[in-house]
Amino acid sequence: MNIIDIQNVTKKFSNHIALNDFSLSIPQGCIFGLLGPNGAGKTTLIRILNQITAPDSGVVLYDGKPLCRDFIEKIGYLPEERGLYKKMKISEQTIYLAQLKGLTKEEAKKRLLYWFKKFEIESWWNRKVEELSKGMQQKIQFIVTIIHHPDFLIFDEPFSGFDPINTDLLKNEILQLKKNGNTIILSTHNMASVEEICDEIVLINKGEKVLSGKLGEVKHAFKSNLFQIEVARLPLDFLTEMPASFQITETVTTDSSHVLNVQISSDSNANQLLDFFIHRVPILSFHEILPSMNEIFIRTITSQNNNS
Amino acid sequence: MNKIGLIISREYFTRVTKKSFIIVTLLTPILMAVLIMVPVIIALNSEKEVKVFVTDENDYFINKFADGKKVHFLYPNGDVEMLKQQCIAGECDAVLQILGGSQSNQANLYFYEEPPMSLKGNIQEQMDKINFDKTLIDTFRVDLKKYEQIKLTSQTLIAALQIDEMGKAQASSMELNRIIGIICGIMICTFVFMYASQVLRSVLEEKTNRIIEVIVSSVKPFQFMMGKIIGVALVGITQFALQVGAIFIILIAVQAFIPRTMLQSEMVPTEIVNNMSDNAFNVNVASNIPQTNSIFNDISTFYNFPFSTMIICFLFYFIFGYLVYASLFAGIGSAVDNETDSQQFILPVTIPLYLPLVLISSMANAPQNGIIWWLSMIPLTSPVAMIFRIPSGVPLWELITSMFLLVAFFVFCVWASAKIYRTGILMYGKKITWRELWKWIRY
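Note that the coordinates shown come from a computational prediction; the quantities given were computed from them, not determined experimentally.

Reading guide: rules and limits
- In this numbering scheme, every chain counts its residues from 1 along its sequence in written order.
- Following the order in which they are written, the chains are lettered starting with A and the ligands numbered starting with 1.
- Side-chain atom pairs in this predicted model are given and counted only at pLDDT of 80 or more, local residue features only at pLDDT of at least 70, and totals for whole chains, interfaces and linings cover all residues.
- The side-chain values count all of the structure's non-hydrogen atoms but skip hydrogen atoms and water molecules.
- For helices the rule is a DSSP run of H or I covering at least 4 residues; for strands it is a run of E covering at least 2, with both sets numbered from the N terminus onward.
- Burial status follows relative accessibility: with a 1.4 Å probe on protein chains alone, a residue under 20% of its type maximum counts as buried, one over 50% as exposed, and anything between as partly exposed.
- In this description, contact between two residues means that some pair of their heavy atoms is separated by no more than 4.5 Å.
- What sets the accessible areas is the Shrake-Rupley method with a 1.4 Å probe; for residues, cover comes only from the shown protein chains.
- As used here, buried area is the combined drop in accessible area, with a 1.4 Å probe, of two parts when they are placed together.
- Salt bridges, as used here, are contacts in which a Lys or Arg side-chain nitrogen is within 4 Å of a carboxyl oxygen on Asp or Glu.
- Here a polar contact is taken to be a pair of N or O atoms separated by no more than 3.5 Å, where protein atoms must pair a possible hydrogen donor with a possible acceptor and residues adjacent in sequence count only if both atoms sit in side chains.
- For our purposes a nonpolar core is just a set of buried Ala, Val, Leu, Ile, Met, Phe, Trp, Tyr and Cys residues, chained together by side-chain atoms within 4.5 Å.
- Note on pairing: DSSP must find at least two bridges between two strands before they are called paired.
- Note on definitions: angles span 0 to 180 degrees between N-to-C directions of axes, and those axes are lines fitted to C-alpha atoms, for helices only across the stretch in contact.
- Oblique is the label for every angle not falling under 35 degrees (roughly parallel), over 145 degrees (roughly antiparallel), or within 65 to 115 degrees (roughly perpendicular).
- Take the far helix as your reference; a near helix turned counterclockwise from it by less than a right angle gives a left-handed crossing, and one turned clockwise gives a right-handed crossing.
- Residue classes follow a fixed rule: Ala, Val, Leu, Ile, Met, Phe, Trp, Tyr, Cys and Pro count as nonpolar, while Asp, Glu, Lys and Arg count as charged, and any other residue, Gly among them, counts as polar.
- To count toward a patch, a residue needs a relative accessible area above 30% and no salt bridge. Like charges then connect within 9 Å, nonpolar side chains (Val, Leu, Ile, Met, Phe, Trp, Tyr) within 5 Å.
- Every residue carries a pLDDT, the predictor's confidence in it, which falls somewhere between 0 and 100.

Moving on, we come to the overall build of chain B. Each helix and strand counted, chain B has 17 helices and six strands in total. Burial statistics for chain B: of 443 residues in total, 46% are counted as buried. In chain B, the share of contacts with a sequence separation of at least 24, taken over all contacts with a separation of at least 6, comes to 71%. Element-wise, carbon and sulfur atoms account for 65% of the exposed surface of chain B, whose accessible area totals about 23600 Å².

So, on to the interface of chain A and chain B. Taken residue by residue, the interface counts 25 residues in chain A and 24 residues in chain B. Carbon and sulfur atoms supply 58% of the area buried between chain A and chain B, which totals about 2400 Å² over both sides. The interface formed by chain A and chain B holds three salt bridges in total. A:Glu81 is the partner of B:Arg210 in a salt bridge, and the nearest nitrogen-oxygen pair spans 3.8 Å.

Residues and elements named next belong to chain A. Along the chain, Leu-132 falls in the loop between α3 (105–118) and α4 (134–146). Residues Leu-132 and Leu-103, spaced 29 residues apart in sequence, show a C-alpha to C-alpha distance of 25 Å. Every residue in contact with Leu-132, bar those within four places of it in the chain, is listed here: Ile-90, Trp-124, Arg-127, Gln-137 and Ile-140.

A small share of helix α5 (residues 144–153) of chain B lies buried, amounting to zero of its ten residues. The opening residue of α5(B), the one whose side-chain oxygen lies 3.1 Å from the backbone nitrogen of B:Lys145, is B:Asp143.

Grouped together as the largest cluster of nonpolar side chains are 154 residues, with contacts concentrated most on A:Phe155, B:Tyr317 and B:Tyr322. If one sorts the elements of this core by residue count, helix α12 (residues 307–335) of chain B sits on top with 17 residues. Discounting residues that sit within four places of it in the chain, B:Tyr322 has contacts with B:Val192, B:Tyr195, B:Ala196, B:Val199, B:Ile229, B:Val232, B:Ala233 and B:Tyr317.

Turning next to the sheet that holds strand β1 (residues 50–56) of chain B. Strand pairs in the sheet, formed through backbone hydrogen bonds, run parallel or antiparallel to each other. Residues and elements named next belong to chain B. Read from one edge of the open sheet, four strands run β2-β1-β3-β4, paired in mixed fashion. Either end of the sheet is taken by a strand with one partner, and the two such strands are β2 (71–74) and β4 (107–111). Within this sheet the neighbouring strands show an average axis-to-axis angle of 25°, counted without direction. Note: strand β3 (residues 94–98) against β4, five bridges, orientation antiparallel. Counted as the bridge partner of Gln-97 is Asn-108 from β4. Lying on the sheet, helix α3 (residues 80–88) is in contact with β1, β3 and β4; it crosses β3 at an angle near 165°. Relative to β2, helix α4 (residues 118–140) is tilted by about 55°, and along the sheet it contacts β1, β2, β3 and β4.

What follows is about the sheet that holds strand β14 (residues 283–288) of chain A. All names here are of chain A. Strand order across the open sheet formed by four strands is β12-β13-β11-β14, with antiparallel pairing between neighbours. One side of each edge strand has no neighbouring strand; the edge strands of this open sheet are β12 (246–253) and β14. Neighbour-to-neighbour, the strand axes of the sheet open up by a mean angle of 20°, direction not taken into account. One ladder, built from five bridges, connects strand β11 (residues 226–231) with β14; its direction is antiparallel. Residue pairing across strands places Phe-227 opposite Glu-288, the latter belonging to β14. Strands in contact with helix α9 (residues 270–278) are β11, β12, β13 (258–264) and β14; relative to β14, the strand with the most contacts, it is inclined by about 165°.

All names here are of chain B. Remark: helix α15 (residues 382–389) packs on helix α16 (residues 396–424), axes separated minimally by 11 Å, with the N-to-C direction vectors making an angle of 165°. Classified by the angle their axes make, α15 and α16 are roughly antiparallel. Of the two possible hands of crossing, α15 and α16 adopt the one that is left-handed. Contacts between α15 and α16 pair Ser-382, Pro-383, Met-386 and Arg-389 from the former with Glu-398, Leu-399, Ser-402 and Leu-406 from the latter. By residue class, the composition of the contact of α15 with α16 is four nonpolar, two polar and two charged.

Turning to the side chain of A:Asn182, a few remarks are in order. All names here are of chain A. Structurally, Asn-182 can be placed in the loop between α5 (164–179) and β8 (183–187). Polar side-chain contacts of Asn-182 include one of 3.0 Å to the backbone oxygen of Leu-177. Discounting residues that sit within four places of it in the chain, Asn-182 has contacts with Gly-29, Cys-30, Pro-150, Asp-151, Leu-153 and Leu-177.

In this section: a nonpolar patch on the surface. Residue and element names in this part refer to chain B. A cluster of nonpolar side chains, Ile-23, Leu-27, Ile-30, Val-34, Val-38 and Ile-42, forms an exposed patch at the surface whose accessible area comes to about 500 Å². Here Ile-30 is to be found in helix α2 (residues 19–45). Taking relative accessible area as the criterion, Ile-30 reaches 43% and is therefore assigned partly exposed.

Moving on, we get to the confidence of the model for chain A. Of the residues in chain A, 100% have a pLDDT of 70 or more, and the chain-wide mean is 89. Across chain A, β8(A) holds the top mean pLDDT of 94, while helix α8 (residues 238–241) of chain A sits lowest at 75.

Next up, the structure:
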């Protein structure tokens, strides 16, 4: 079941095309990574989902129905460039923003107090935003984003400006939201967090989808038959005996072991590699090296940019 | 709709509860009252008693000068030199030496400390009259009493009467109409610019601190822009009402504070004539002498002034003038990145607001014709120009046409600004040109 179906959406600006015949489906209940270099069209896509801008052509379906103003209250959006009224009290400001999302004043206050207590920031209630640090403001903004219990959440660079402790706090909240059945779009350049929490990803470049799918599948598609094997000692004859289909790309020697990265050619397989070592030396560990999202990102985008 | 109400109330209450709002609202009327009252009080109280010793070689002028409220003429014996010494000693403020013989229309006025400016004029007028009367009696053998009587009955009185469509005539004070028109024009101009600028600054603030992105994901940019414009308008109306109320209270308090006699007949004209002639003393002194050309000869003309029309029109032109400029400023504020960049767009749209004021002095003689007529029809200038015309009477159809054009233009401005706003508010780091704005409007 897809919560969002983007079908052939095109959005042009005066001098460039932000999205070109773009289609994408976002399944319900997942954390969906929206990746792409700067200027790829991510923000435009997010703004279309938020109905801040309208596409020139194409349709966006929310829960199978064309996107309209009625869905505004089902969406929570934490923009990358986010701000608050500096001179306004935090309590008044958060209540106001929650009311704009359709909550009553009483309900907004009740929920806000719950979250302030949970984040242990009750003492900020009557302070002004200008007294808070950037990270503190981020917390407030996160609360405002989820306060109206939206089914569908869009976080644009949610971790920027957070210290590791707060990053962790936020990560857990996002995972909790997923557990509660919400769908989350995570737009970020922080690939580590993508690998950590995303279920699916899409990679956009120059307004077009270049890569998409489940995180594991994407990584497997990019694997290059690279394996890491850790052995207690190096076999004496291995340089001469090892078949040519195994290529050692890296060797790290420690006091107690040797770690080898081995590239296996396509006509060979991992079992054959293990077979070679297993008769010669004790094996401590063995696993396949999958490319990181970082590598996949760089490799895909640079090769695409070089081709064009 | 509910959200617009929410936006309006936020825009309204954050401003109204600000300390600066309360202070400005209360201080302005006090300051205005002080500015109006102080010169009047000074003029009334500070003029010290002036004692003038008169010496006339022909003795003709002895006991002929009429004392004013603060001017006393005394006729001691002794020659000029002695009187001068007494003047230095402070026994009098001035010595008037009228030359003898055929030179009875020549005099010297000696003083040690400078007397009030009006003294010389006062003496001159009195001597003119005494000499004139003397000539009448000596040369023409005129019965002076009879002459005065004839002069009084043959005095010309012109009543300025304005007729309306029904042919009903009403006394009108042309000078007063101009003054009220100009004051109201200046007020509209100031208020409109002041509150429209608040909208501009507020839009810019939301754009630069990026809260706008959160807000436009909740409400339509148009709703938000209109909510802001209306909210600030209500702030303006509140401030205006409070200030008018405060001025009213202050005036009542002042009336209770200052002795009634000082306020009657003399006080009111002095206060306003003051502003015009810039010479309080003249009026005070001149009040002894029959004055036929006072614009307040008939104080009742004041009450024939079209107050209700004026108040309704003032509010209308203030509100719609503000709405036009506020929506233009909102559009401009959304398109630029900082206040400095906004200047190039603000200036061209603000010039029409001030244009009528700049031209007012040259048009004061013909408030109903020519260029002011056109300015009172053209929407950007009409709020000020029409207010200037109203006290002098404006045909109903002209008023309605002007109002209609203003409202229609407001609708156009909101439409155009909303288009600019929608695009501009999320556009950063781009130098905007007029051409770019035009493209956004058509987009």
